[in-house]
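The lines below spell out each chain.
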Amino acid sequence: MDPMLQAFYGLVEPITFLTLLLSVIIGLIIGAIPGLSVNIAVALAVPLTIFMPTSQALVTLIGLYGAGVFGGSISAILLNAPGTPASAATIFDGFPLANQGLATKALRIALVASVFGAVFSIIVLMLLAPQLANFALRFGPIEIASLLFFTFLIIGVLSGGSMLKGLLSASIGMVLAMVGSDPMLGTPRFTFGSISLMDGLTYVPLLVGLFALAEIIDEGTRGFSRLKQKIDLRREDTKANHVSLVDLRHISFPMLRASSIGSSIGILPGIGATIASFIAYADVKRSSRDTSKFGKGDIRGVAASESANNAVVGATFVPTLALGIPGDAVTAILLGALILQGVTPGPLIFVNSPDIVYTIYFALLASTLLMAVFGYFAVRPLSKTLHIPKVYLMPCVALICVAGSYVARNNIIDVYVMLGAGVLGFVFNRTAVPVAPLLITFIITPPFEQALRQALTRSEGSFIPFLTNPVSLTLLVAAVLLLALSFRRERRERHSTPSKNKRGIDK
Amino acid sequence: MDKARLLGACFFVASILFLLVLVPQIDANRASGVSGLSFYSVGPSALPYFSGALVLLFSFAVMVSPETVKQTSLDEEDSEITDVAEQSASTWRGGLFAVLMFIYSMSMFTLGFQLASIAFLAVVFAIYRPGSWKIALAVTLLVPFSVDLLLREAFRIPLPSGILF
C-alpha cells in the first residue's frame, strides 16, 4: 500500500483517532495550568507510549505538543502568568485585553494565530524536510560527525541567556551519554559493575526527572502556592468579544511575519518557541506604524506571539526528521520516543519508513484542526482548569513520575536516575543553566561518537579529512563565526548592564 | 560565592575526578577484555576524555566569568530587599520534597506501589497543608489506585506489589 494512504488509514483508526483527541484535550489542559509545561506533558506521556503501536505513540506525543503550546496562552491571558514559557510574550497584550473585558476575544485571536502558525510550519516541514534529507543522504561519517558537533555548539550557544552555561549543560549531556557499553568494542564505561547500566542511562527517567520532577521540586519551594484567577469570563460582553473580519485582516500580516520568524527559528536546533515569540513580538512592534497600543491590549501583539510559538512546532521537525537532530527539547523527547519504537530518525527515515513521516504530517495537521475546534468551543471550561490547586496536582504528578520511570524497564535504578536528574534539573533552573542542551546532546552523542570513531579509524587517527571536506569546513567556519558573534554580544551586554543597573538604582 | 559560580566549582572538581580516576579505568577494563586488534581503532576512552575536558573547560569558565561576578553584585543588591529567611525556608521546602520522593521510591519495593503512594501523598499533604482535607483524602486514596489500575489493566504493566503482601 502507498505509505501516505497507510499513514492516513492508521490515523483514522478509531483507537488512534481517540488517542489523538484525548491527547489534544489533555495537552490543552496541561498547557493551561501554570507550572505544568508542554515538556512535562510530553515527558510524562513517553513511558506510556513505549507500550503503544508507533502511530498511536506518535499521535499521543504530537497532540500533547501542539495543543500544549496553545494551552499556555489561556493562563497568560487570564492569569497574567504563562502556562508554558513559550506564551510569555502573549502576556504583554493578552492580559491588558482581558482587563478591558476582552479576554474571550484575546483567547480567540490567540487560537486563530496558533492555528495559522501551526499550519504554516507544517507546510514548511513538508517542503523542506524531504529536500534536506535528500541532501543529507550523501553524508558520510566525516560530515555526520561535523554536523553533530556543530549542533552541540549551536544548542549550547543559542539556547540560553549565557553561552558558557549553555555549553556547560551540553558538555554534561555528553558525559552522561558515555555511561554504558562502548558502541564499537562493547567495553563497559562507568557502569560500576551494574548490569542495569550496561545499556546506558535510560532516556525516559532522565527526561522525566529533568523536566517534570525539577519543576515539581521548584513548585515545592513555593509551597505549591495558588494563583488567583483575575478575570471572570461570564461577565463579558459577548458582542464586543466577537472576532470580526476587520480584526482578522488587521492581524493577517503580523501573523505571516511571525510565522516566518517562528519557522526559521524552529529549524535551528535548540532555540525553541520562547525566544521565537519574543523576537516576533518585537518585530511586529517595530514594523507597525501605530505602536501606541502595544503593551496596552493590541490584538497584533497576541497574534504575533502565538503565531510564532506555534510555527516553531512543525519547523522543529525539519532537523529532527531530516538529520536526526532535535530542534528543541520536545522534539528531543519525540526523537527518543521514536528510537524506543525502533525507528531511527535521520535522512534514511524518508526511504525506510515513509509511513512514519506521513503519520507525523497527518498527526500535526489533525491535532491543529482538533485544537482549533476544542479551543474555540471550550474556552470557558478550559479557563476552569486554572482553579485546580497545585497542592493536589503536583504530588500526583510526582507519583506519575515515579511510576513512569519504573515502567520503562521495570528497574528501580531508573527511578533513582529520575530522582538524580530531577535534583540536577532543579539546580540548573536555580542557577539559570538551560536544561535543553543537556538532553539534546545526550541524544546526539551516541551517533556523534560512532561517526567520529568511524571517520578517525578510516583516516588512521588523522583530522586532516575534517579540514579538507567542504561540508565540515563550512560548518567549522560557521561555528567559529557563531562563537565569535555570541562572545561579542555577551561582552557588549556585560559592558552595558552596569550602567543600566546604575540608572535603575538612581530611580 | 553566588549559585552559578558554586555550580561551576562543583563541576570543575567533578570533572577533574572524572578525568583522573574514572576515565583511566575504561582502558583498564579494555586491557582485560578486548585485545589483539590488528587495525587502527579509536579507543573507548577517547570521547570520555574529550567530554570530560569540555566540562572542565566550561565549568572553569562559568566559575571565573565576569558575568557571574556581576551576578554576585546583583544578588547582593537583591538580598537587601528580599527576605533571606524566607528564601532559605523555601529552598528547605524543595529539599524536603526531594527527600520525601527518595524515601517513597525506596519504600515502593517493601510496601508496594499503592501503599507507598498513599503514605507519600498523606505525608506531603500533612506538610504542605491543602485547603480541603476531604479532597486531600480522596486524592490520597484514589490517585494511587487509579494509576495502578490504568497501568495494570490498560497497559499490562505491573507496578511493585511489595514484599510484605
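Residues numbered from 1 in each chain as written. Chains lettered and ligands numbered in written order. Predicted model: local features only at pLDDT ≥ 70, side-chain atom pairs only at ≥ 80, totals over all residues. Heavy atoms only, no water.

Counting secondary structure elements, chain B contains 6 helices and 0 strands. Expressed as a percentage of its 165 residues, the buried residues of chain B come to 39%. Here the analysis covers contacts within chain B between residues at least 6 apart in sequence; of these, 64% occur between residues at least 24 apart. Surface summary for chain B: the accessible area is close to 9200 Å², and the carbon and sulfur share equals 69%. (Helix = DSSP H or I, 4+ residues; strand = E, 2+ residues; numbered from the N terminus. Buried < 20%, exposed > 50% of the residue type's maximum accessible area, 1.4 Å probe, protein only. Contact = heavy atoms within 4.5 Å. Areas by Shrake-Rupley, 256 points an atom, 1.4 Å probe, with all protein chains shown as cover.)

This paragraph deals with the UniProt feature "transmembrane region" (unreviewed entry) in chain B. Taken from the UniProt record, the annotation "transmembrane region" (unreviewed entry) applies to residues 46-64 and 96-127 of chain B. In the segment residues 96-127 of chain B, helix accounts for 97% and strand for 0%; the C-alpha atoms at its two ends are 10 Å apart. (UniProt positions renumbered as here; feature names shortened; annotations may be inferred.)

Let us now look at the interface of chain A and chain B. The partner chain B presents 71 residues to the 67 residues of chain A that form the contact. The contact between chain A and chain B buries some 5800 Å² in all, and 82% of this surface belongs to carbon and sulfur atoms. It is L185, Y392 and L399 of chain A that lose the most area in chain A upon contact with chain B, and together they represent 12% of the buried surface on that side. The interface formed by chain A and chain B contains 0 salt bridges. Take the side of chain A that touches chain B: its biggest share by element is 11 residues, from helix α18 (residues 390-407) of chain A. Partitioning the side of chain A that touches chain B into residue classes produces 45 nonpolar, 13 polar and 9 charged. (Buried area = accessible area lost by both parts, 1.4 Å probe. Salt bridge = Lys/Arg side-chain N within 4 Å of Asp/Glu carboxyl O. Nonpolar A, V, L, I, M, F, W, Y, C, P; charged D, E, K, R; others polar.)

Before going further, it helps to examine the packing of aromatic side chains. Applying the stated rule across the entire model yields 22 aromatic pairs over all chains. Between F149 of chain A and F50 of chain B the ring centres are 5.8 Å apart and the planes differ by 50°, which places this aromatic pair in the tilted class. You can see F149 of chain A sitting in helix α7 (residues 141-158) and its partner F50 of chain B sitting in helix α2 (residues 46-64), one on each of two chains. Classification of F50 of chain B by relative accessible area gives partly exposed; the value is 33%. (Phe/Tyr/Trp six-rings, centres within 6.5 Å; stacked < 30°, edge-to-face > 60°.)

Residues and elements named next belong to chain B. Taken residue by residue, chain B gives an average pLDDT of 79. The fraction at 70 or more is 75%. Here helix α3 (residues 66-81) is the element of chain B with the lowest mean pLDDT, 44, and α2 is the one with the highest, 93. The low-confidence segment residues 68-83 (pLDDT under 50) makes 17 contacts with residues lying over four places distant or belonging to another chain. Reported confidences for the modelled complex are a pTM of 0.80 and an ipTM of 0.84. (pLDDT = per-residue confidence, 0-100.)

Let us look at the packing of α18 of chain A against helix α19 (residues 412-430) of chain A. All names here are of chain A. At a minimum axis distance of 7 Å, the contact between α18 and α19 shows a crossing angle of 135°. Regarding the angle of α18 to α19, the classification is oblique. Of the two elements, α18 crosses α19, and the hand of that crossing is right-handed. Listed contacts from α19 to C401, V402, S405 and Y406 of α18 are I412, D414, V415 and M418. Within the contact of α18 with α19, the residues separate by chemical class into 6 nonpolar, 1 polar and 1 charged. (Axes fitted to C-alpha atoms, helices over the stretch in contact; angles between N-to-C directions. Parallel < 35°, antiparallel > 145°, perpendicular 65-115°, else oblique. Left-handed = near helix turned anticlockwise from the far one by under 90°.)

Looking now at the environment of K239 of chain A. Its location among the elements puts K239 of chain A in the loop between α9 (203-221) and α10 (245-267). For K239 of chain A, a relative accessible area of 74% puts it in the exposed group.

Further remarks concern the environment of A177 of chain A. All names here are of chain A. Summarising the element assignment, A177 is placed in the loop between α8 (163-176) and β1 (180-181). With relative accessibility at 16%, the residue A177 sits in the buried group. Between the C-alpha atoms of A177 and T202, which are 25 residues apart in sequence, the distance is 9.6 Å. The contact partners of A177, leaving out residues within four places of it in the chain, are F442, T445 and P446.

This part takes up helix α1 (residues 3-12) of chain A. All names here are of chain A. Turning to α1, its buried residues number three or more, namely A7, G10 and L11. Here the buried residues of α1 occupy an arc of 95° about the axis, which is enough to place them on one side. Here the buried face of α1 lies against α2 (14-32), α4 (54-79) and α16 (354-377). (Arc of directions from axis to C-beta.)

Quick look at the packing of α4 of chain A against helix α6 (residues 103-136) of chain A now. Residues and elements named next belong to chain A. Interaxial distance between α4 and α6 falls to 10 Å at its minimum, and their mutual angle equals 155°. Judged on the interaxial angle alone, α6 and α4 are roughly antiparallel. As α4 runs across α6, the sense of the crossing is right-handed. Counted together, F70, S73, I74, I77 and L78 of α4 and A103, A106, L107, A110, L111 and S114 of α6 form the full contact between these two elements. Taken together, the residues that form the contact of α4 with α6 break down as 9 nonpolar, 2 polar and no charged.

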